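Survey of secondary and tertiary structure
Chain by chain, the residues run as shown.
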Amino acid sequence: MTQVSIFDKSDRPFDAEGMERHIARALTVKAPSGLVENAWYQAIRRVFDPQLVAAGNIPARPCLFVGNHALFALDGMVLTPVMLHRQGRFLRALGDRFLWNSLTENRLLAQGAVIGDPAVCSALMEHDCDLLAFPGGAHEATKTASRQYTLQWKERYGFVRQAALHGYTIMPFAMVGPDEFYDHLIEGEDLPDTAVGKFLQRIGVLGEHTRSDMLPPIPIGALGSLFPKPQRCYIQFGQPLDLGRYTGRKLTLKRQQLIRAAVALQIETMLGELLERREREKERDGLLRRLLTR
């Protein structure tokens with residue numbers, strides 16, 4: 001029997017039958033475990049020293065965790081193993097469609113990620129999964145240094161609609177640290193006009209119509225390398241928003257805006273609190289961490 005492909009002719013996940021297969025596969029994925037997973041968590045713990053703040057706010061019921069997205073989407077490599085090992089919560093990240101193709105699908109699914117599609121989200125909510133959403137998506141993950149720790153959600157309300165439809169709880173959280181894993185040698189929005197950008201255009205990496213606001217910066221990490229700086233990470237959880245009273249309902253745009261604004265306000269407030277907290281706790285940094293995060 002021929003397996004239905006999730007991908008269309010352009011290697012993108014838009015095939016309806018393939019999406020059904022994707023959902024079926026996603027529902028069979030179990031939380032990662034074993035020596036490799038534990039070694040990865042121990043490495044994250046030692047390098048980034050993640051601190052959970054107000055984790056007691058997280059309800060026992062399944063939630064849609066919503067937060068700020070970091071540069072290069074590196075927040076997930078810290079957040080998901082920490083939540084699994086310390087809180088016993090296996091977060092299923094809703095990933096932008098452009099991340100998915102026939103080469104990446106198996107790897108992303110194994111990590112718990114799924115395509116950020118309403119049908120996929122609905123299926124996982126119906127099976128009481130913990131979900132992770134970054135409404136800013138790729139746009140927020142390629143932001144300039146001047147926009148660190150800011151929300152860039154545009155007019156996205158999908159996470160509110162899905163949570164309301166399924167009576168889910170939105171769990172706002174904020175994360176400080178990953179936006180500073182790398183300095184920006186050249187900002188993405190400036191890249192096309194630089195010598196590097198022109199070279200990338202000549203070899204076909206950048207197209208004529210490539211959007212500069214979606215280009216990531218040229219990064220520089222610890223000691224000028226490509227390794228991320230060992231910034232201590234802080235993850236704070238706000239007050240859950242239980243949308244159970246809206247189960248099965250389609251919200252008006254006004255109601256969606258009010259709910260989204262409430263979530264965003266919590267995240268922005270927590271980001272400010274975490275930045276202040278980190279400043280107060282800088283004396284905890286050892287000499288090596290100070291050297292590598294300069």
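In this text, all values refer to a predicted model and were calculated from it rather than measured experimentally.

Some details on the packing of helix 2 (residues 35-48) against helix 3 (residues 75-87)
Interhelical geometry of helix 2 versus helix 3 gives an angle of 115 degrees and a closest axis separation of 10 Å. Between helix 2 and helix 3, the angle is such that the two are roughly perpendicular. You can see that helix 2 and helix 3 cross each other, and the crossing is left-handed. Between helix 2 and helix 3, the residues in contact are Glu37, Asn38, Trp40, Tyr41, Ile44, Arg45 and Phe48 and Met77, Val78, Pro81, Val82, Leu84, His85 and Arg86, respectively. Of the residues that constitute the contact of helix 2 with helix 3, the class distribution is nine nonpolar, two polar and three charged.

Quick look at the pairing of strand 9 (residues 234-237)
Consecutive side chains along a regular strand alternate between the two faces of the sheet. Side chains of strand 9 alternate between two faces, with Tyr234 and Gln236 and Ile235 and Phe237 buried alike. Relative to strand 9, strand 1 (residues 51-53) runs parallel, the two being bridged by three bridges. Counted as the bridge partner of glutamine 51 is tyrosine 234 from strand 9. As paired strands, strand 6 (residues 169-176) and strand 9 are joined by four bridges and run antiparallel to one another. Bridging from a neighbouring strand, methionine 175 pairs with isoleucine 235 of strand 9.

Considerations on helix 7 (residues 158-165)
Every buried residue of helix 7 is listed here: Phe159, Val160, Gln162, Ala163 and Ala164. Of the residues one or two after helix 7, glycine 167 is the one with positive phi, at around 60 degrees.

Description of helix 9 (residues 253-280)
Spanning 28 residues, helix 9 covers 41 Å between terminal C-alpha atoms, matching the ideal 40 Å at 1.5 Å per step. Residues of helix 9 that are buried make contact with strand 1, strand 2 (63-67), helix 7, strand 6, strand 9 and strand 10 (241-242).

Notes on the packing of helix 1 (residues 16-28) against helix 5 (residues 118-126)
Two elements in contact, helix 1 and helix 5, have axes whose closest approach is 10 Å; the angle formed by their N-to-C orientations is 30 degrees. Relative to helix 5, helix 1 is oriented roughly parallel. Note on packing geometry: the crossing formed by helix 1 with helix 5 is right-handed. Residues Met19, His22, Ile23, Ala26 and Leu27 of helix 1 pack against Ala119, Val120, Ala123 and Leu124 of helix 5. In the contact of helix 1 with helix 5, the residues fall into eight nonpolar, one polar and no charged.

What to know about the pattern of salt bridges
Taken as a whole and judged by the stated rule, the model has 15 salt bridges. Of the charged contacts, one joins aspartate 242 and arginine 61 as a salt bridge, the two residues approaching to 4.0 Å between their closest N and O atoms. With aspartate 242 in strand 10 and arginine 61 in the loop between strand 1 and strand 2, this pair connects stretches of sequence that are 181 residues apart. Look at arginine 61 and you get partly exposed, because its relative accessible area is 38%. Residues joined by salt bridges that share partners form a network here, namely Asp49, Arg232, Arg277, Glu281, Arg284 and Asp285.

Here we look at the packing of aromatic side chains
The final tally for this structure, using the stated rule, is six aromatic pairs. Measuring from ring centre to ring centre gives 6.4 Å for phenylalanine 65 and phenylalanine 237, while their planes differ by 80 degrees; the resulting arrangement is edge-to-face. Linking phenylalanine 65 in strand 2 with phenylalanine 237 in strand 9, this pair joins segments that are 172 residues apart in sequence. The pair formed by phenylalanine 65 and phenylalanine 237 is uniform in burial state, with each residue classed as buried. Ring centres of phenylalanine 173 and phenylalanine 237 lie 6.4 Å apart, and the angle between their planes is 40 degrees; on these two criteria the pair is classed as tilted. Of the two residues, phenylalanine 173 sits in strand 6 while phenylalanine 237 sits in strand 9, which places them 64 residues apart along the sequence.

Re unusual backbone geometry
In this structure, aspartate 128 takes a positive phi of about 60 degrees despite not being glycine. Here aspartate 128 shows up in the loop between helix 5 and strand 5 (130-133). Assessed through its relative accessible area of 55%, aspartate 128 is described here as exposed. Although it is not a glycine, lysine 154 sits at a positive phi angle of roughly 50 degrees. Within the secondary structure, lysine 154 is located in the loop between helix 6 (137-141) and helix 7.

Focus on the state of the cysteines
The final tally for this structure, using the stated rule, is zero disulfides. Cysteine 121 takes part in no disulfide bond, and the closest cysteine sulfur, belonging to cysteine 129, lies 10.0 Å away.

Parameters and conventions
- Position labels on residues start from 1 in each chain and follow its written sequence.
- In keeping with the model being predicted, local features are shown solely for residues with a pLDDT of at least 70 and side-chain atom pairs are shown and tallied solely at 80 or more, while totals for entire chains, interfaces and linings include all residues.
- In computing side-chain values, all of the structure's heavy atoms are included and hydrogens and water are not.
- Angular values range over 0 to 180 degrees, each being the angle between N-to-C directions of two axes fitted as lines to C-alpha atoms, with helices fitted over their stretch in contact.
- The way it works is that DSSP assigns letters per residue, a run of H or I at least four long becomes a helix, a run of E at least two long becomes a strand, and they are numbered from the N terminus.
- Angles below 35 degrees are treated as roughly parallel, those above 145 as roughly antiparallel, those between 65 and 115 as roughly perpendicular, and all remaining angles as oblique.
- Each crossing gets its handedness from the near helix: less than a right angle anticlockwise from the far helix is left-handed, clockwise is right-handed.
- For this analysis, residues touch if any pair of their heavy atoms sits within 4.5 Å.
- In this classification, the charged set is Asp, Glu, Lys and Arg, the nonpolar set is Ala, Val, Leu, Ile, Met, Phe, Trp, Tyr, Cys and Pro, and all remaining amino acids, among them Gly, are polar.
- Buried, partly exposed and exposed residues are distinguished by accessible area as a fraction of the type maximum, computed with a 1.4 Å probe on protein chains only: under 20%, between the cut-offs, and over 50%, respectively.
- Two strands qualify as a pair provided that DSSP identifies no fewer than 2 bridges between them.
- Multiplying 1.5 Å by the residue count of a helix minus one yields the expected span of that helix.
- Whenever a carboxyl oxygen of Asp or Glu lies within 4 Å of a side-chain nitrogen of Lys or Arg, that contact is scored as a salt bridge.
- Two rings from Phe, Tyr or Trp (for Trp, the six-membered ring) form a pair when their centres sit within 6.5 Å of each other. Planes less than 30 degrees apart are called stacked, planes more than 60 degrees apart edge-to-face, and all others tilted.
- Any two cysteine sulfur atoms lying within 2.5 Å of each other are counted as a disulfide.

Treat this as a map of the structure, not an account of what it does.
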